[in-house]
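# Reading the structure
Here is what each chain is made of, one letter per residue.
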Amino acid sequence: MARRILLDCDPGHDDAVAILLALASPAELELIGISVVGGNVKLDATVLNTRKLLSLAARDDIDVYAGCPRPMLREIVTAEHVHGDTGLDSGSGRELPDPLRPVADKHAVNFIIDSVRNAAAGEITLVATGPLTNIAVAFAMAPDIIERLQELVIMGGAGFEPGNVTPAAEFNIYVDPHAARAVFESSVKLTMFGLDITHQMLITPPRLKAIEEHGGRVGAVVADLLDFFNRYDIGKYGWDGAPLHDPCTIAWLIDPTLFEGRLMHVVVDTSEGPSLGRTVTDWFGAGEEEPNVMVMTSGDADRFFALITDRLSQLD
Ligand code: BDR
Ligand code: CA
């Protein structure tokens, strides 16, 4: 039976691929709704982008819930320099189809709470690929849902890899470190796809070409989007392509043999200063604290991209 998932995201190019990969995998995953948070761009744009992606996939039956427009304590930090002004700029300048379905008439946080409470205990898996604001607020409003979740799988953090927004911090954690800390300190079963693993998943030219040529109608659009997404990282780091962060979460739920990790204690630094948003990760068990996070550390990049290409072709 397909695992029932809620996806909380901030599209964003890599969030877009995560959404499409989930939609393309009905045998493994049933996406019961998408909650959206401000992050890569402001909330109104991340919500619009999510609805456009559902139109692209001809899946306007899925509801989109708008969530928190800003982090708990800090001003929002966005990433137009990576994702473009819309948050989903394309290489060719072509636009995504207009959305057909209005935004759902419920706050994303209430959607998360109600969905988990209305399902059997252990039935819902939560996936988060943006700042953790919606999740932390849901856990604060309804702590009972923490134990009712099967698990929470996030893209965020950097255990052993330098940060991508400051020397110490990864973007999703940095944008709302207080929310992240609340989530990491909750008792939720937590798996973290941080930069340690996502920086191994580069959108190299052959992988991009495969998505364009073998990913069908939707794959061709995704390749156009990723062509834009690649520009910032290639220009800044001189890599062969940008890291395709967010779909690691969904790919792992589809095929757990793609990635490996290790249980460790992780704490989020919320002190003002150069380490704000750092995920301090205890690989050697040097501290006294019990492990609280499965930190993913290695994976098969070729199989990951082959899965994405194959599944996108099935959206036609
Ligand atoms: C994360 O930040 C965002 O820009 C991406 O969508 C991803 O979730 C990577 O640090
Ligand atoms: Ca994201």
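See above for the structure.
The structure reproduced in this document is the subject of the present report. (Residues numbered from 1 in each chain as written. Chains lettered and ligands numbered in written order. Predicted model: local features only at pLDDT ≥ 70, side-chain atom pairs only at ≥ 80, totals over all residues. Heavy atoms only, no water.)

## Side note on the sheet that holds strand β5 (residues 151–155)
This is how the line gets drawn: Paired strands are those between which DSSP finds at least two bridges. By definition, any uninterrupted DSSP run of H or I lasting at least four residues is a helix, any uninterrupted run of E lasting at least two residues is a strand, and each is numbered from the N terminus. For every element, the axis is a line fit to its C-alpha atoms; helices are fit only across the contacting stretch, and the angle between N-to-C directions ranges from 0 to 180 degrees. Here a residue-residue contact requires only that any non-hydrogen atoms of the pair lie within 4.5 Å.
With mixed pairing, nine strands are arranged side by side in an open sheet as β3-β2-β1-β4-β5-β6-β9-β7-β8. Both outer strands of the open sheet, β3 (64–66) and β8 (279–282), are each paired with one neighbouring strand and no more. Sheet twist, expressed as the mean angle between neighbouring strand axes with direction ignored, is 30°. Alignment of strand β1 (residues 3–9) against strand β4 (residues 124–128), held across five bridges, turns out to be parallel. Following the sheet pairing, aspartate 8 is matched in β4 by alanine 128. Helix α8 (residues 177–184) rests against β5, β6 (190–193), β7 (259–268), β8 and β9 (293–299) of the sheet, and its axis sits at about 110° to β7. The strands touched by helix α12 (residues 247–254) are β1, β2 (29–36), β4, β5, β6, β7 and β9; relative to β5, the strand with the most contacts, the crossing angle is about 140°.

## So, the site of ligand 1
We apply this condition: Note on terminology: near, applied to a residue and a molecule or strand, indicates that one of the residue's heavy atoms is within 4 Å of it. The term polar contact refers here to a pair of N or O atoms within 3.5 Å; inside protein, the definition further demands a hydrogen-donor-capable atom paired with an acceptor-capable atom, and it admits residues adjacent in sequence only when both atoms are side-chain atoms. Methods summary: accessible areas were calculated by the Shrake-Rupley approach with a probe of 1.4 Å, and residue burial reflects only the protein chains presented.
Residues in close proximity to ligand 1 include Asp14, Asp15, Asn40, His83, Thr129, Met155, Asn164, Glu170, Phe171, Asn172, His245 and Asp246, which together make up its full environment. Interatomic distance of 3.0 Å between a backbone N/O atom of threonine 129 and an oxygen atom of ligand 1. Glutamate 170 is positioned such that a nitrogen or oxygen atom in its side chain is 2.4 Å from an oxygen atom of ligand 1. When ligand 1 is considered free in solution it has 280 Å² of accessible area, and contact with the protein chains removes 95% of it. Mapped onto the shell around ligand 1, the elements with two or more residues apiece are α1 (13–23) and α7 (171–175).

## Here we look at the packing of helix α10 (residues 205–214) against helix α11 (residues 216–237)
Basically, it comes down to this: Reported orientations rely on four angle classes, namely roughly parallel under 35 degrees, roughly antiparallel over 145, roughly perpendicular from 65 to 115, and oblique for the rest. Classification used: nonpolar for Ala, Val, Leu, Ile, Met, Phe, Trp, Tyr, Cys and Pro, charged for Asp, Glu, Lys and Arg, polar for all others including Gly.
It is at 6 Å that the axes of α10 and α11 come closest, and there the two elements cross at 150°. Our classification of the angle between α10 and α11 gives roughly antiparallel. For the pair α10 and α11, contact is made by Leu208, Ile211, Glu212 and His214 and by Gly216, Gly219, Ala220, Val222, Ala223, Leu226, Asp227 and Asn230, respectively. Classifying every residue of the contact of α10 with α11 gives six nonpolar, four polar and two charged.

## Brief notes about the coordination of the calcium ion (ligand 2)
Put simply, a metal with four donors set out as a tetrahedron has ideal angles of 109.5 degrees, and one with six donors set out as an octahedron has ideal angles of 90 or 180 degrees. Threshold: Listed donors are limited to N, O and S atoms within 2.8 Å of the metal, widened to 3.2 Å for Na, K and Ca; water is not among them, so incomplete-looking sites are possible.
Surrounding the calcium ion (ligand 2) are the protein donor atoms Asp10 (OD), Asp15 (OD), Asp15 (OD), Thr129 (O) and Asp246 (OD), which sit 2.2 to 2.5 Å from the metal. Of note, the calcium ion (ligand 2) draws all its donor residues from one chain, in the sequence arrangement D-x4-D-x113-T-x116-D. A residue pair is termed long-range when its members are at least 10 positions apart, and aspartate 10 in the loop between β1 and α1 and aspartate 246 in the loop between α11 and α12 qualify at 236 residues.

## As for the nonpolar core
Heads up, the rule is: Side-chain atoms within 4.5 Å link the members of a nonpolar core, which is a set of buried Ala, Val, Leu, Ile, Met, Phe, Trp, Tyr and Cys residues. Burial classification: accessible surface area is computed with a 1.4 Å probe over protein chains only, and a residue below 20% of its type maximum counts as buried, one above 50% as exposed, and the rest as partly exposed.
In terms of nonpolar packing, the biggest core is built from 62 residues, with Leu20, Leu23, Leu226, Ile250, Phe259 and Phe304 touching the most fellow members. Considering each element in turn, this core owes the most residues, eight residues, to α1. Sequence-distant contacts of leucine 23, defined by excluding residues within four places in its chain, comprise Leu31, Leu54, Ala57, Arg59, Ile62 and Leu315.

## Details of the pairing of β1
Stated formally: If the strands point away from the viewer and the path from the first strand over the helix to the second runs clockwise, then the crossover is right-handed.
The buried fraction of β1 is high, at five of seven residues. Alignment of β1 against β2, held across six bridges, turns out to be parallel. Looking at β2, one finds that arginine 4 is bridged to glutamate 30. For the crossover from β1 across α1 to β2, the handedness is right-handed.

## Focus: the packing of aromatic side chains
We count it as follows: Classification of ring pairs rests on two measures: the distance between centres of Phe, Tyr or Trp rings, Trp counted by its six-membered ring, which must be within 6.5 Å, and the angle between planes, read as stacked under 30 degrees, edge-to-face over 60 and tilted in between. Only when the NZ of Lys or the CZ of Arg is both within 6 Å of the ring centre and within 35 degrees of the ring normal is a charge said to sit over the ring.
Enumeration according to the criterion identifies seven aromatic pairs in this entry. Between the aromatic rings of phenylalanine 160 and tryptophan 283, the centroid separation amounts to 5.4 Å while the plane-to-plane angle is 90°, which identifies the pairing as edge-to-face. Of this pair, phenylalanine 160 sits in the loop between β5 and α7 while tryptophan 283 sits in the loop between β8 and β9, and the two are 123 residues apart along the sequence. Accessibility expressed as a relative area gives 41% for phenylalanine 160, which makes it partly exposed. Taking the relative accessible area as the measure of exposure, tryptophan 283 reaches 30% and is therefore partly exposed. With 5.1 Å between their ring centres and 80° between their planes, phenylalanine 304 and phenylalanine 305 make a pair best called edge-to-face. Of the residues examined, phenylalanine 305 reaches a relative accessible area of 3% and is grouped as buried. Members of the aromatic cluster, connected to one another through ring pairs, are Phe193, Trp252, Phe259, Phe304 and Phe305. Positioned above the aromatic ring of tyrosine 174, the side-chain terminus of arginine 74 is 5.3 Å from the ring centre. A cation sits over an aromatic face here: arginine 262 above tryptophan 283, 3.8 Å from the ring centre.

## Some words on helix α13 (residues 301–313)
Residues three or four positions apart in an α-helix share a direction because the helix packs 3.6 residues into each turn. To be explicit about the condition: Each residue after the first adds 1.5 Å to the expected span of a helix.
Here α13 is 13 residues long and its end C-alpha atoms lie 19 Å apart, about the 18 Å a rise of 1.5 Å per residue gives. Those residues of α13 not exposed but buried are Ala301, Phe304, Phe305, Leu307, Ile308, Thr309, Arg311 and Leu312. On its buried side, α13 packs onto α1, α10, α11, α12, β7 and β9. Its side-chain oxygen at 3.3 Å from the backbone nitrogen of aspartate 302, aspartate 300 defines the N-terminal cap of α13.

Worth remembering: the numbers are spatial, not functional.
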